[in-house]
Amino acid sequence: MNRWPRDPIACAASLLAIALCIAPASSQDGDDELPAAPPAFIAMPKSVLAKVEDSVFEVVVDKQEDKFIEYEHPLPLDKIPYQIRNDRFVGLGTAFSIGNNRYVSAAHLFRVGLKTIMTGWGLRDRVGKVHRISRIFRYSNYRDLIEFDLEDTIQKSFPLELTGQAEVGSEVFTAGNVDGEGITYRGGQISSLTPEEVDGKWKFIRFSAPASPGNSGGPLLDSKGRVVGVVSRRNATENLNYAIPIAEYRKLSGSSAEFFQKHIKFRSGKKMVDRDWKASCILPVPLADLRNNAEKSLRALEESLLAELYEGKNESDFPDSPSFRDYLTRQGHGRFFGALRSDGSGGNWKIEFPKMHEVELEPGRHVYLAGSPRLALMAVVEKPQDLTLAQFVAQPGKVMDDILRGSGVSRRIADESIKVLSYGAPKETRWWKDRLGRPWLRSRWYFGERDMLAETDCLVFPGGEACMVTLAPVAAISMAMIDLIEHNVNEIVMTYGGTIDQWRKFLVLGENKIPSFFRGSNVGLQGSGQLTANFEEFKIIYEDESVTPKSKLEVTTGYRPSERIGAKILRVTLQPWQGQKGGLEARILFAPSDRASPEQKDKWGAAKAHSTPYDGEVFPKGDFSHLMTVIGAGAQGRLYIAECWRESNESKDSLIKDCKKFKEGIAIR
């Protein structure tokens, strides 16, 4: 049955299982069940084989070779079986003749309702000729059954007899396209009749005759060659496989297609929406029209569910949970990406900064990689020295190449793994903007051989790009996965860092490439180290010969407790000293909420009173000497803090002097 979860990663895993015809089967009570037959060979009678061999056909699609992929060295294609590497088509499953140019198969082979880049569905006969599928006459994704005709006629096509007799213990045979390598016949017995999982309206035939990827849609035959069922899936953990009784095929309407799926769910935090998909369309129609009708119907339902999920005020979830609003008064910061997380009870919010694995691409240039619980990968790519930031942003293929190099992606053929060097230029690119005013560049690559896609959603920062990387079946596009990504990025915060020279070039990229909270910002360096930096309400002028174009500047963004949702600048950090650790920082301190801890309230009280540690006195903290002082107060419970730190072995007098000069150069607007 086609029952897919709506979680993006679960969707990907489930769809891959469907594509391989190994969808997991849940145990259900049914009639008395025989133990699985031992893996002994049961031969189909020759008289039956002669009757059947002109009745069963491969369901195939056109093979799409991804020639745009560049590998470390040529693929060892000689290690792939001759038939597969030379085939112009890809075998998906099996179908069988019922006469008058009509054929029956499993509905899931045709990806109805789902995006796909597969093309050219057809049947391949015994002599290798492919006949294209034309119109659909019966269809049910609930029963996983489809009936269709062909654009031309297979001259030698023997219709199989259909029977409703399926008795536990009787001998049965599968006839199917095993692993895409042609029709194979194997025997076993019916083990049980098991209620289908959704509503128990009919019973699966569970049988022990072997079934492999590619058997889907093939006939389950009795000892006389009559069809008792249509193979739907196999159990990956034991030799008990599933077929839909042929009686269910007879129940299908010849005038309308049945689209039905229980419990289409979307979740955000503690809130979940759940609805059944039920629709139909008039038959017969061409396969392309059936696909379009189903996709539009399912997409409309998903959009409705997403609107319901995110509408209104949800007091227990982001961004309206009281505990989240409390968290905003003490939010932390880190390098690169951070993701907002709750413990699931509506409390204890925090930002999780994934541990980034650093890979040096070339001297002085790196890519940083981390796994993500929601996505396949998070990557931060520093731009090459020989490209301007604008040029780097204009080459998303280059960004993906660097991610591939850093992550060591490879393709395995037989016993050999070959590194992937490049996916080439993306097939699609577009800019989109999240609710925080940040523009993301989406780039997408399609892989026809596996019906998969790779996608990067990248934010530009002064030193390069920070990307979310997704690998999923193409079908995930039609499962609202992309909508979920675009919503969930609102819970991702970003620290923008780079050298002063990189900031100057970043801020002139144009409004369509930089976040809205940087509009009107500027960074300049004049004379003997005079830095001017304007960011929202912070204006900083700092003059010191230690400041050079290579001095680092970081801007941390986050949320304001006074606003429901929206990214604002929370701190500006200058690291002027080359070869020495330390920094000068201007930041906002927010008044604690009623839910705040005593420690948070004491911290706020000390800041308001300009007492320790906000008294301008030097104090030790780890391996550094620190100094903090209040430089002003703002509306809506905000204080502005200047903090300076240098390694403890440096002169404290120098720290006091530098911090005084830094503080005097800060203007709060």
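Residues numbered from 1 in each chain as written. Predicted model: local features only at pLDDT ≥ 70, side-chain atom pairs only at ≥ 80, totals over all residues. Heavy atoms only, no water.

Just to check I follow, could you spell out the packing of aromatic side chains for this structure?
Think of a pair of aromatic rings as described by two things: how far the centres are apart, and how the planes are tilted against each other in angle. What the rule picks out here adds up to 25 aromatic pairs. Taking 5.9 Å as the distance between ring centres and 70° as the angle between the ring planes, the aromatic pair formed by F518 and F535 counts as edge-to-face. Here the residue F518 occupies a position in the loop between α10 (500-506) and β29 (522-526), and F535 occupies one in strand β30 (residues 530-535), the gap between them amounting to 17 residues. Looking at F535, the relative accessible area reads 0%, which means it is buried. Both rings, one in Y542 and one in F662, keep their centres 6.1 Å apart while their planes meet at 70°; by these two values the pair is edge-to-face. (Phe/Tyr/Trp six-rings, centres within 6.5 Å; stacked < 30°, edge-to-face > 60°. Helix = DSSP H or I, 4+ residues; strand = E, 2+ residues; numbered from the N terminus. Buried < 20%, exposed > 50% of the residue type's maximum accessible area, 1.4 Å probe, protein only.)

How should the confidence of the model for the protein chain be read in this particular structure?
Confidence in the prediction for the protein chain averages 85 pLDDT; 89% of positions are at 70 or higher. Per-residue pLDDT, averaged within each element of the protein chain, yields its smallest value for helix α1 (residues 8-19) (29) and its largest for strand β7 (residues 145-150) (98). Here residues 1-41 is modelled with pLDDT under 50, and outside its nearest four sequence neighbours on either side it reaches 101 contacts, counting other chains as well. (pLDDT = per-residue confidence, 0-100. Contact = heavy atoms within 4.5 Å.)

I tried to follow the pattern of salt bridges on my own but got confused; where do I start?
Pairs may arise between side chains of opposite charge once their charged atoms sit close together. With the rule as written, the count across this model stands at 47 salt bridges. For E486, the salt bridge goes to R442, with nearest N and O atoms at 2.7 Å. Residue E486 is found in helix α9 (residues 481-488), and its partner R442 is found in strand β25 (residues 439-447); the two are separated by 44 residues along the sequence. One salt bridge connects E643 with R587, and the closest N-O pair in it is separated by 2.4 Å. Linking E643 in strand β37 (residues 638-647) with R587 in strand β34 (residues 582-590), this pair joins segments that are 56 residues apart in sequence. This pair shows no difference in class: E643 is buried, exactly as R587 is. Linked through salt bridges whose partners overlap, the residues forming this network are E428, R430, R442, R444, E455, D457 and E486. (Salt bridge = Lys/Arg side-chain N within 4 Å of Asp/Glu carboxyl O.)

Could you clarify how one ought to interpret helix α12 (residues 652-664) in this entry?
Helical geometry: 3.6 residues make up each α-helical turn, so side chains three or four residues apart lie on a common side. Helix length check: α12 (13 residues) gives 18 Å between terminal C-alpha atoms against 18 Å at 1.5 Å per residue, within 8%. Taken together, the buried residues of α12 touch β31 (538-543), β34, β35 (615-621), β36 (624-634), β37 and β38 (666-668). Residue S651 occupies the N-cap position of α12, its side-chain oxygen lying 3.2 Å from the main-chain nitrogen of D653. (Expected span 1.5 Å × (residues − 1). Polar contact = N/O pair within 3.5 Å; in protein donor to acceptor, adjacent residues only side chain to side chain.)

How should I be thinking about the sheet that holds strand β32 (residues 552-559) in this particular structure?
Paired through their backbone hydrogen bonds, the strands of a sheet run either parallel or antiparallel. The strand order β18-β17-β28-β32-β33-β34-β37-β36-β35 describes an open sheet built from 9 strands, whose pairing is antiparallel. The open sheet is flanked by β18 (350-352) and β35, the only strands paired with a single partner. Taking the axes of each pair of neighbouring strands and ignoring which way they run, one obtains an average angle of 25° across the sheet. Here 3 bridges tie strand β17 (residues 337-341) to β18, and the two strands are oriented antiparallel to one another. Each bridged residue has a counterpart across the sheet, and for L340 the counterpart in β18 is I351. (Pairing = 2+ DSSP bridges. Axes fitted to C-alpha atoms, helices over the stretch in contact; angles between N-to-C directions.)

Mind showing me how you'd approach the nonpolar core here?
Core analysis: the largest hydrophobic core is formed by 73 residues, its most contacted members being Y496, W503, F506, F518, V523 and F535. When residues no more than four places from it in sequence are discounted, the contact partners of F506 are L389, V460, F461, P462, Y496, I514, P515 and F518. The next biggest cluster of nonpolar side chains, apart from the first, holds 39 residues, and it includes V59, I154, L283 and L301. (Core = buried A, V, L, I, M, F, W, Y, C linked by side-chain atoms within 4.5 Å.)

How do you make sense of unusual backbone geometry when you look at a structure like this?
A cis geometry characterises the amide bond from L283 onward to P284, with omega recorded as 0°. Tracing the backbone through its elements, the reader meets P284 in the loop between β15 (271-282) and β16 (285-286). At the junction of T612 and P613, the peptide bond is cis and its omega measures out at 5° in the coordinates. Summarising the element assignment, P613 is placed in the loop between α11 (598-608) and β35. Even without glycine at this site, N100 takes up a positive phi of about 55°. Its location among the elements puts N100 in the loop between β3 (89-99) and β4 (102-105). Here N100 falls in the exposed class, since its relative accessible area comes to 77%. The backbone of H263 shows a phi angle near 55°, a positive value even though the residue is not glycine.

Can you help me understand the state of the cysteines in this one?
Linking two cysteines covalently through their sulfur atoms gives a disulfide. Considering all chains together, one arrives at 2 disulfides under this definition. For C644, the disulfide goes to C659, at an S-S distance of 1.9 Å. Judged by the sign of its S-S torsion, about 75°, the bond between C644 and C659 is right-handed. One end of the pair, C644, is in strand β37; the other, C659, is in helix α12, and 15 residues separate them in sequence. As far as burial versus exposure is concerned, C644 and C659 are alike and both buried. Taken in N- to C-terminal order, the disulfide-linked cysteines of the protein chain are connected 1-2, 3-4. (Disulfide = S-S within 2.5 Å.)

Please clarify how the environment of M378 should be interpreted in this entry.
By the secondary structure assignment, M378 is in strand β21 (residues 377-382). Look at M378 and you get buried, because its relative accessible area is 6%. Linking M378 and T456, residues 78 residues apart in sequence, is a C-alpha distance of 9.4 Å.

Explanation requested: the side chain of K383 in the structure shown.
For K383, the location among the structural elements is in the loop between β21 and α7 (389-393). Looking at K383, its side chain comes within polar contact range of the main-chain oxygen of L387, at 2.7 Å.

Please clarify how the packing of helix α5 (residues 287-310) against α9 should be interpreted in this entry.
Taken N-terminus to C-terminus, the directions of α5 and α9 make an angle of 20°; their axes are 11 Å apart at the nearest point. Classified by the angle between their axes, α5 and α9 sit roughly parallel to one another. Classified by chirality, the crossing of α9 by α5 is right-handed. Contact with α5, carried on its side by R299, L306 and Y310, involves D483, L484, H487 and N488 of α9 and no other residues of that element. (Parallel < 35°, antiparallel > 145°, perpendicular 65-115°, else oblique. Left-handed = near helix turned anticlockwise from the far one by under 90°.)

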